[in-house]
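Okay, here's what each chain looks like letter by letter:
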Amino acid sequence: MVATTQGPRGLPVVGALRELARDALGFLDDTARVYGDVVPFTVGRRRAWLLSHPDDVEAVLVRQRERLTKDLITAELSSVLGQGLLTNEGDDWKRQRRLIAPSFTPRHLAAYGEAMVRSTAESLPPVSDDRDVHEDFTRITLHIVLRTLFGSEPEGEAGRVGEVLEGLMSSFEVENRTVWRLVPDWVPGPHRRRVDVLREQLDTLIYGLVARARREGTDDRVDLLARLLAARDDDGRAMSDEQLRDELLTLFLAGHETTALALSYTLWLLAEHPEVLARVHAELDEVLADRAPGTADLKQLPLLTAVVKEGLRLYPPAWAVGRQAAADVEVGDTIIPQGDQITVSPWVMHRDPRWWVGPTRFRPDRWLTGETDELPRFAFCPFGGGPRVCVGQHFANMEIALVLATLLQKRSVAPVPGYRPDLFPVVTLRTRNGVHLRVLPR
């Protein structure tokens, strides 16, 4: 059975690649609005489908998950990340997920709150009339991931991992988000030559950190590397050094860049809405007074928690999630044929007026009044969904809240006149012009 649903007409050979490169968010928004909930389009010579109804997304990601594999772009990330949770498939993925998931339970995560607060307090943005706070949050989240993942201080050799991984991801974006996507692998390019050098540097750093942890022992350590070294599957097997390398890089990337972006956009939204910011300051003052926040305080900060959710709704760092049909997939009356790509966009669904009142407005109170209690399950999915939902979602939510609480105890923010983020959706929802705010003392 062949699907006949109509979608946007792309150009010969390149399909919608030009539109995606120019304005991917606008293209997906327009495609869903004009053509409906299940829409085909082409990228290069391949066909993809945009799914925009939460029920269809649940049907695919949950009930037909065995018919899916990772999409081509995510699969190609294995050239950087190896076979970690993001890129792995099948029984190997299930084994790794079972080994890693216990380290991300709330009981274990509580041990990382102090590192989150400490890293923020050490790197508070200085008072400034125009500050790119994304740079500050990138540094803060780097320090947090080094301390919680590797048990290392920022000045150590682990600090170079972020620099090298950023170089690799930049090369990956050139390869997959530009015309280079259509160029055969054998054609040389500067970014392609650079990848081999950076990958070797990255392997040297990661394997060195794993070897040191094995040599020194993990009895007195609570970092994630120590827990992964101690993890055993049902047969008593531990992870190999190669598996550890792949999982560490995946966790590093997921816990560093995406969280820095979420923090940046959320703080910018607060600056744009001073009435909400004032209420957040009042809540922090009432609950914490002058003491540093801890994980136990988060239950007493409902407005801050709502602000975090609303920031993730409007500016989800994981703006699109991809899969590939390993077999024919049924979506209502439509059959998505084996081999086609499937795209689910939290950006699109989080701004759909069918599910959200004032979908483009920053309204944290929607999470406090019961307005969102009857949402379809996948109407809000900043961390994906189904069995492959992000294993670190609770870590990320806790980190965003604790970093904001620590910062807003000492700082206030206001808009920079004329600034708007120039969104640049690649692997994550980046900007071309940073995230600029006025940073004020409190």
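Please refer to the structure higher up on the page.
Here's what I pulled together on the structure shown here. (Residues numbered from 1 in each chain as written. Predicted model: local features only at pLDDT ≥ 70, side-chain atom pairs only at ≥ 80, totals over all residues. Heavy atoms only, no water.)

Let's shift gears to the overall build of the protein chain. When its secondary structure is counted, the protein chain shows 16 helices and 12 strands. In terms of C-alpha radius of gyration, the protein chain reaches 22 Å, essentially the compact-globule figure of 22 Å for 442 residues. In terms of its C-alpha atoms, the protein chain occupies a principal-axis envelope of roughly 65 × 55 × 45 Å. Burial status across the protein chain gives 56% buried among its 442 residues. Put simply, the protein chain shows about 19600 Å² of open surface, and 51% of that area lies on carbon and sulfur atoms. Charged side chains of the protein chain number 55 positive and 63 negative; the gap between the two group centres comes to 1 Å. (Helix = DSSP H or I, 4+ residues; strand = E, 2+ residues; numbered from the N terminus. Rg over C-alpha atoms; globule rule 2.2 N^0.38 Å. Buried < 20%, exposed > 50% of the residue type's maximum accessible area, 1.4 Å probe, protein only. Areas by Shrake-Rupley, 256 points an atom, 1.4 Å probe, with all protein chains shown as cover. Lys, Arg positive; Asp, Glu negative; His and termini not counted. Charge placed at Lys NZ, Arg CZ, Asp CG, Glu CD.)

Attention now moves to the sheet that holds strand S4 (residues 128-132). Read from one edge of the open sheet, three strands run S4-S12-S9, paired in antiparallel fashion. Taken across any chain shown, the strands that pair with only one partner, and hence form the sheet edges, are S4 and strand S9 (411-415). Adjacent strand axes in the sheet meet at a mean angle of 45°, parallel and antiparallel pairs treated alike. Sitting on the sheet, helix H8 (residues 133-150) is in contact with S4 and strand S12 (436-441), with an inclination near 55° to S4. Against the sheet, helix H16 (residues 393-410) engages S9 and S12, with an angle of about 90° to S9. (Pairing = 2+ DSSP bridges. Axes fitted to C-alpha atoms, helices over the stretch in contact; angles between N-to-C directions. Contact = heavy atoms within 4.5 Å.)

This brings us to helix H5 (residues 90-100). Residues of H5 that are buried: Trp93, Arg95, Gln96, Arg97, Leu99 and Ile100. Tucked into the core, H5 has its buried residues touching helix H11 (224-230) and helix H12 (241-272).

This part takes up the environment of Leu168. Mapping Leu168 onto the fold places it in helix H9 (residues 160-177). In this structure the C-alpha to C-alpha distance between Leu168 and Leu202, which are 34 residues apart in sequence, comes to 9.2 Å. Those residues in contact with Leu168, other than ones at most four positions away along the chain, are Val80, Val195, Leu198, Arg199 and Leu202.

Another aspect to go through is the environment of Glu122. Within the element layout of this structure, Glu122 appears in helix H7 (residues 113-122). Look at Glu122 and you get partly exposed, because its relative accessible area is 46%. Put simply, Glu122 and Ile140 are 18 residues apart on the chain and 8.4 Å apart in space, counted from C-alpha to C-alpha. At 3.0 Å, the side chain of Glu122 and the side chain of Arg147 are in polar contact. (Polar contact = N/O pair within 3.5 Å; in protein donor to acceptor, adjacent residues only side chain to side chain.)

A few words now on the nonpolar core. By size, the foremost hydrophobic cluster in this structure holds 107 residues, and its most contacted members are Phe137, Phe150, Phe252, Leu267, Leu270, Val280 and Tyr315. Sorting elements by how many residues they give to this core places H12 first, with 16 residues. Apart from the residues within four sequence positions on either side, Tyr315 is in contact with Tyr265, Trp268, Leu269, Trp347, Arg351, Leu423 and Leu429. Of all hydrophobic cores here, the second largest spans 17 residues; its members include Val331, Ile336, Val344 and Cys381. (Core = buried A, V, L, I, M, F, W, Y, C linked by side-chain atoms within 4.5 Å.)

This next bit is on the state of the cysteines. On inspection of all chains with the given rule, the structure shows zero disulfides. Of all cysteine sulfurs in the structure, the one in Cys390 sits closest to Cys381, which takes part in no disulfide; the separation is 13 Å. Of the residues examined, Cys381 reaches a relative accessible area of 5% and is grouped as buried. Among the residues examined, Cys390 registers a relative accessible area of 30% and is labelled partly exposed. (Disulfide = S-S within 2.5 Å.)

Another point: the layout of surface pockets. Quantified by volume, the second largest pocket comes out at close to 680 Å³. Secondary-structure elements contributing two or more residues to the lining of the second largest pocket are helix H6 (106-109), helix H14 (302-314) and H16. A per-element tally of the lining of the second largest pocket places H16 first, with five residues. Residue classes in the lining of the second largest pocket are distributed as 15 nonpolar, six polar and two charged. (1 Å grid on protein atoms, 1.4 Å probe; cavity = no way out; pocket = protein on both sides within 12 Å on 5 of 7 lines; lining within 4 Å. Points joined across faces, edges and corners; volume = space filled by probe spheres on them. Nonpolar A, V, L, I, M, F, W, Y, C, P; charged D, E, K, R; others polar.)

This next bit is on the packing of aromatic side chains. For any pair of aromatic rings, the description rests on two quantities: the centre-to-centre distance and the angle between the ring planes. By the definition in use, this model includes 10 aromatic pairs. Ring geometry for Phe104 and Phe395: centres 6.2 Å apart, planes at 65°, overall edge-to-face. Residue Phe104 is found in the loop between H5 and H6, and its partner Phe395 is found in helix H16; the two are separated by 291 residues along the sequence. Of the two residues, Phe104 and Phe395, neither departs from the other in class, the shared state being buried. An aromatic cluster is defined as three or more aromatic residues linked by ring pairs; in this entry it consists of Tyr265, Trp268, Tyr315 and Trp347. The lysine or arginine in question, Arg351, covers the ring of Tyr315, its NZ or CZ lying 5.3 Å from the ring centre. (Phe/Tyr/Trp six-rings, centres within 6.5 Å; stacked < 30°, edge-to-face > 60°. Lys NZ or Arg CZ within 6 Å of the ring centre and 35° of its normal.)

Our next topic: the packing of H7 against H16. Packed helices, taken two at a time, are described by the angle their axes make and the gap between the axes. Packing of H7 against H16 leaves a shortest axis separation of 9 Å and a crossing angle of 40°. One element, H7, and the other, H16, form an angle in the oblique class. Handedness of the H7/H16 crossing: right-handed. Contacts between H7 and H16 involve Gly113, Met116, Val117, Thr120 and Ala121 from the first element and Phe395, Met398, Glu399, Leu402, Val403, Thr406 and Leu407 from the second. The class makeup of the residues in the contact of H7 with H16 is eight nonpolar, three polar and one charged. (Parallel < 35°, antiparallel > 145°, perpendicular 65-115°, else oblique. Left-handed = near helix turned anticlockwise from the far one by under 90°.)

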